[in-house]
Structures are given as C-alpha cells and as structure tokens.
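This is what each chain is made of:
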Protein chains: 2
Amino acid sequence: MPYALLNRLTAKPDQRLAVVEILVESASCSRTIRLVSSTWSPNRRTTPNEIWVVDLWTSAEAHAQALKAPELRPWVEKATPLLEGVSEQTEVRPVGGKGMPGT
Amino acid sequence: MPYALLNRLTAKPDQRLAVVEILVESASCSRTIRLVSSTWSPNRRTTPNEIWVVDLWTSAEAHAQALKAPELRPWVEKATPLLEGVSEQTEVRPVGGKGMPGT
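Note that the structure is a prediction, hence the values are computed from the model and not measured. Residue numbers run consecutively from 1 along every chain, following the written order of its sequence. The order in which chains are written sets their letters, starting at A; the order in which ligands are written sets their numbers, starting at 1. Only residues with pLDDT of at least 70 get local features here, since the model is predicted, and only at 80 or more are side-chain atom pairs given and counted; chain-wide, interface and lining totals rely on the full set of residues. Note that water and hydrogens are dropped before the side-chain values are worked out from all heavy atoms of the structure.

Q: Would you mind going over the nonpolar core with me for this structure?
A: Generally speaking, a soluble globular protein has its nonpolar side chains buried in company with each other. Among buried residues, those of type Ala, Val, Leu, Ile, Met, Phe, Trp, Tyr and Cys that are joined through side-chain atoms within 4.5 Å constitute a nonpolar core. Categorising residues by exposure relies on relative accessible area from a 1.4 Å probe, with only protein chains included: less than 20% of the type maximum marks a residue as buried, more than 50% marks it as exposed, and the intermediate range marks it as partly exposed. The biggest cluster of nonpolar side chains holds 16 residues, and the ones touching the most others in it are Leu6, Leu35 and Val54 of chain A together with Leu6, Leu35 and Val54 of chain B. Only heavy atoms enter the contact rule, under which two residues are in contact if any of them lie within 4.5 Å. Excluding residues within four positions of it along the chain, Val54 of chain A makes contact with Leu5, Leu6, Ile33, Arg34 and Leu35 of chain A together with Leu6, Leu35 and Val54 of chain B.

Right, here's the structure in full:
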C-alpha cells in the first residue's frame, strides 16, 4: 500500500538553502520520490525558513527500511544541526492522482 | 517559476470517497499534477475524513488561469456541499526533488 509523508521543517536563519540541498541530495540514496519546496514568497524580500518535503514510498515498510540504511546517516547528521525545533510530519495514504509516478 | 499547493480538506461524514473521486477526476480537466491522499490509518477501523491534495503547477499564473476555466465549475459545485468547513491551503515553491515530473 503506497505511503507518503508530508514534512514541514524549519531551517535555522540563513540555513534554508543548505538544508534544501541536503534534502535533494539525500533522496538519491533511497527509493523515495521526493518534492522539496520552500514557502511561496516570490514578491517578498525576506523568505521564511520553512521547507516542505513530500516523500512518496511504495509502502510504510519501505520507508522504515530506508530509515535504517547506514548511507542515510551522514545526511541526517549534516541536516540536524541546521534545523530549528522538531519537524512536523503527517503520514498519508495516496489514493489517486494525475501525472504522478504510479498514478 | 513552478508553484505547488498543499491542501488539507475535510469531508463530511461518509463523503470521503466521493470527494476523493471528484478530486481525482477533476484533475483530468486541468494541467495540474495531483496527488490525492487520505490520512494514514491502515490499522484503524475508523478513517478520519481528512484528505490531502498536493497540486503541482508550472506557475502561479497557470493555477490562476485554471481556476477561471468553466470546465472546472461543475466539479467545484459537486465537491463543495460534501466538504466540512474551509480547506487549509499552503502555497509553496518547488525547489528540487527526485523522481517527480520536472525534477
């Protein structure tokens, strides 16, 4: 059963781009489909440090397995000190769509 | 500049599946890439009526244009009475990813 995670992260001041980079690069070492987004603010000078990550997995087990993978460790250790507080995570079950892989 | 919307909707009791169907079918008449999800609860008997919709657009203008399209009207009119309260919408700017169309 497909499984998705909607994550809301907050980067420490001036660390947003570094965190985005880690999130994009770390996806290459696991089987997730990942969309990394910043808060929409094309017309504002200051950009909030909020980052949204949508991860798609073939199953909850595939996600649990990926969390245990040793190759993910360095990415987690790199990202953690750049984050403010705890990330907010919503587990959802993909039920349909258009144009997405697998839909 | 790509543009995405993260929407949290709540269906009225027993209307979740009907709303999901409308959300999947209505995507076919616009240029969005859409992922429709239910709250994850494979082991619970009762499923909350929360629905998450992630919509990807090529630009904010493409989304604004789609909202004006007359072919969307019947879908909105069909879905609105099945929803509880107002949907929560977060505008985000895709900045990277893996396996997603366009990333």
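Q: Please clarify how the interface of chain A and chain B should be interpreted in this entry.
A: When the parts of a complex come together, some accessible area is lost, and that lost area is often taken as the interface size. Each partner contributes residues to the interface: chain A has 37 residues there, and chain B has 37 residues. Computed with a 1.4 Å rolling probe, the buried area is the accessible surface lost when two parts are put together, summed over both parts. Summing both sides of the interface, chain A and chain B together bury roughly 3,100 Å²; the carbon and sulfur share of this comes to 69%. Broken down residue by residue, the surface that chain A buries against chain B is led by Leu35, Trp40 and Lys98 of chain A, which jointly contribute 25%. Whenever Lys or Arg places a side-chain nitrogen within 4 Å of a carboxyl oxygen from Asp or Glu, that contact is recorded as a salt bridge. Linking chain A with chain B are zero salt bridges. Throughout this description, a polar contact denotes any pair of N or O atoms lying within 3.5 Å of each other; where both atoms belong to protein, one of them has to be capable of donating a hydrogen while the other can accept it, and for residues adjacent in sequence the pair is counted only when both atoms sit in side chains. For the pair chain A and chain B, the number of links is 14 residue pairs in polar contact (both at pLDDT 80 or more). Here a strand is any run of E in DSSP of at least two residues, a helix any run of H or I of at least four, and the numbering for each starts at the N terminus. Contributing elements (two or more residues each) for the side of chain A that touches chain B: strand 1 (3-10), helix 1 (16-26), strand 2 (33-39), strand 3 (50-57) and strand 4 (88-98) of chain A. Considering each element in turn, the side of chain A that touches chain B owes the most residues, nine residues, to strand 4 of chain A. In the side of chain A that touches chain B, the residues fall into 21 nonpolar, 10 polar and six charged. In this classification, the charged set is Asp, Glu, Lys and Arg, the nonpolar set is Ala, Val, Leu, Ile, Met, Phe, Trp, Tyr, Cys and Pro, and all remaining amino acids, among them Gly, are polar.

Q: What am I meant to see in the pattern of salt bridges here?
A: For side chains bearing opposite charge, pairing can occur when the charged atoms are close. With the rule as written, the count across this model stands at eight salt bridges over all chains. Its salt-bridge partner being Arg73 of chain A, residue Glu77 of chain A comes within 3.5 Å of it at the nearest N-O pair. Taken together, the residues Glu77 of chain A and Arg73 of chain A, both in helix 3 (residues 73-79) and four residues apart, mark about one turn of the helix. For Arg73 of chain A, a relative accessible area of 47% puts it in the partly exposed group. Ionic pairing is found between Asp55 of chain B and Arg34 of chain B, a salt bridge with its closest N-O pair at 2.7 Å. One end of the pair, Asp55 of chain B, is in strand 3 (residues 50-57); the other, Arg34 of chain B, is in strand 2 (residues 33-39), with 21 residues separating them in the sequence. Judged by relative accessible area, Asp55 of chain B falls into the buried class, the value being 4%.

Q: For this particular structure, what's the right way to read the sheet that holds strand 3 of chain A?
A: Whether parallel or antiparallel, the strands of a sheet pair through hydrogen bonds between backbone atoms. Pairing between strands is defined by DSSP: at least two bridges between them are needed. Taken in spatial order, the eight strands line up as 1(A)-3(A)-2(A)-4(B)-1(B)-3(B)-2(B)-4(A) and close into a barrel, and their pairing is antiparallel. The sheet shows a mean angle of 35 degrees between the axes of neighbouring strands, direction not considered. Bridge analysis of strand 4 of chain A against strand 2 of chain B gives six bridges, and the strand direction is antiparallel. The residue bridging Gly96 of chain A from the neighbouring strand is Val36 of chain B, located in strand 2 of chain B. To get an axis, fit a line to the C-alpha atoms, keeping to the stretch in contact for a helix; angles then go from 0 to 180 degrees between the N-to-C directions.

Q: I tried to follow helix 1 (residues 16-26) of chain B on my own but got confused; where do I start?
A: Residues of helix 1 of chain B that are buried include every one of Arg16, Val19, Val20, Ile22, Leu23 and Ser26 of chain B, and no others. Along the axis of helix 1 of chain B, the buried residues cluster in a sector spanning 160 degrees; they form a single face. For helix 1 of chain B, the elements touching its buried residues are strand 4 of chain A together with strand 1 (3-10), strand 2, strand 3 and helix 3 (73-79) of chain B. Directions are taken from the helix axis to each C-beta atom, and the arc is the one they span.

Q: Looking at this model, I keep getting lost on the relation of the copies chain A and chain B. Mind explaining?
A: Put simply, the second copy of the chain is the first one after a rotation about an axis and a shift along it. Here the copies are matched by least squares. The fit uses the C-alpha atoms of residues with pLDDT of at least 70 in both. Taken as rigid bodies, chain A and chain B are interconverted by a rotation of 180 degrees and an axial shift of 0.0 Å, the fit giving an RMSD of 0.0 Å. Viewed as a symmetry operation, the transformation between the two copies matches a two-fold axis. Taking C-alpha positions as reference, the residue of chain A nearest the rotation axis is Met100 of chain A, located at 3.5 Å. A shared interface surface links the copies, since 100% of the contact residues of chain A are contact residues in chain B too.

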